[in-house]
Amino acid sequence: LFLAALQLPIDPRAALLPVVEGGLDGAGDRLLRVFLSVWDDEQNQQSLLALVRGLAEPSGQRLVRDGVLQMILGPVGRGLGLDEPDRRMALVASQMVCIVILRYLLRAEPLASMPPADLVATYGPTLQRYLTGPLP
């Protein structure tokens, strides 16, 4: 139901398969590259932005929380063999949600026009730390 509600021309689980197949080393960069490629595709943006705008509603919150965290990012964390995958993927999601809000919803500069490679170079190490670094 979650994937049908998004009405995306791709299955995000299939798009994220290379992230898992590549192993833990460099997974933060790969995850962000896939994420940006999906969001930067104009065919996807309207559906995705509608989902973000729906976060004010309880049903939209459940859709993101249960769908994105459990059905999309959860399997990535487990596939990578993370310790505490739910906790680590929630940290990853927190960073990615902020990128969505600033880059795609608010179109805040310089994030809105930053090339994807620059975003990966900037945020990839942070995502990698969330995946593999020590947790408090």
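Values in this document were obtained by computation on a predicted structure and should not be read as measured data. (Residues numbered from 1 in each chain as written. Predicted model: local features only at pLDDT ≥ 70, side-chain atom pairs only at ≥ 80, totals over all residues. Heavy atoms only, no water.)

Caption draft 1: Structural context of unusual backbone geometry. In this chain, E109 is followed by P110 through a cis amide linkage whose omega measures 10 degrees. Summarising the element assignment, P110 is placed in the loop between α7 (85–105) and α8 (116–132). With a phi close to 55 degrees, R107 is a non-glycine residue in the positive phi region. Summarising the element assignment, R107 is placed in the loop between α7 and α8. In this structure R107 comes out as partly exposed when scored by relative accessible area, which is 47%. (Helix = DSSP H or I, 4+ residues; strand = E, 2+ residues; numbered from the N terminus. Buried < 20%, exposed > 50% of the residue type's maximum accessible area, 1.4 Å probe, protein only.)

Caption draft 2: Structural view of the packing of helix α5 (residues 42–53) against α7. Contact geometry of α5 with α7 gives a least axis separation of 11 Å together with a crossing angle of 120 degrees. When the axes of α5 and α7 are compared, the pair comes out oblique. Considering how the two elements wind past one another, α5 and α7 form a crossing that is left-handed. Residues Q45, L49, V52 and R53 of α5 touch α7, and the partners they reach there are V100, Y104 and L105. Tallied by class, residues from the contact of α5 with α7 come to 5 nonpolar, 1 polar and 1 charged. (Axes fitted to C-alpha atoms, helices over the stretch in contact; angles between N-to-C directions. Parallel < 35°, antiparallel > 145°, perpendicular 65-115°, else oblique. Left-handed = near helix turned anticlockwise from the far one by under 90°. Contact = heavy atoms within 4.5 Å. Nonpolar A, V, L, I, M, F, W, Y, C, P; charged D, E, K, R; others polar.)

Caption draft 3: Molecular detail of the nonpolar core. Counting 33 residues, the largest nonpolar core has L31, L32, F35, W39, M89 and V92 as its most contacted members. Every element with two or more residues in this core is listed here: α4 (27–40), α5, α6 (58–79), α7 and α8. (Core = buried A, V, L, I, M, F, W, Y, C linked by side-chain atoms within 4.5 Å.)

Caption draft 4: How the structure looks around the environment of Y123. By the secondary structure assignment, Y123 is in helix α8. In this structure Y123 comes out as buried when scored by relative accessible area, which is 17%. Along the sequence, Y123 and D25 sit 98 residues apart, while their C-alpha atoms lie 15 Å from each other. Filtering out sequence-adjacent residues up to four positions away, Y123 remains in contact with L32, Q95, I99 and L111.

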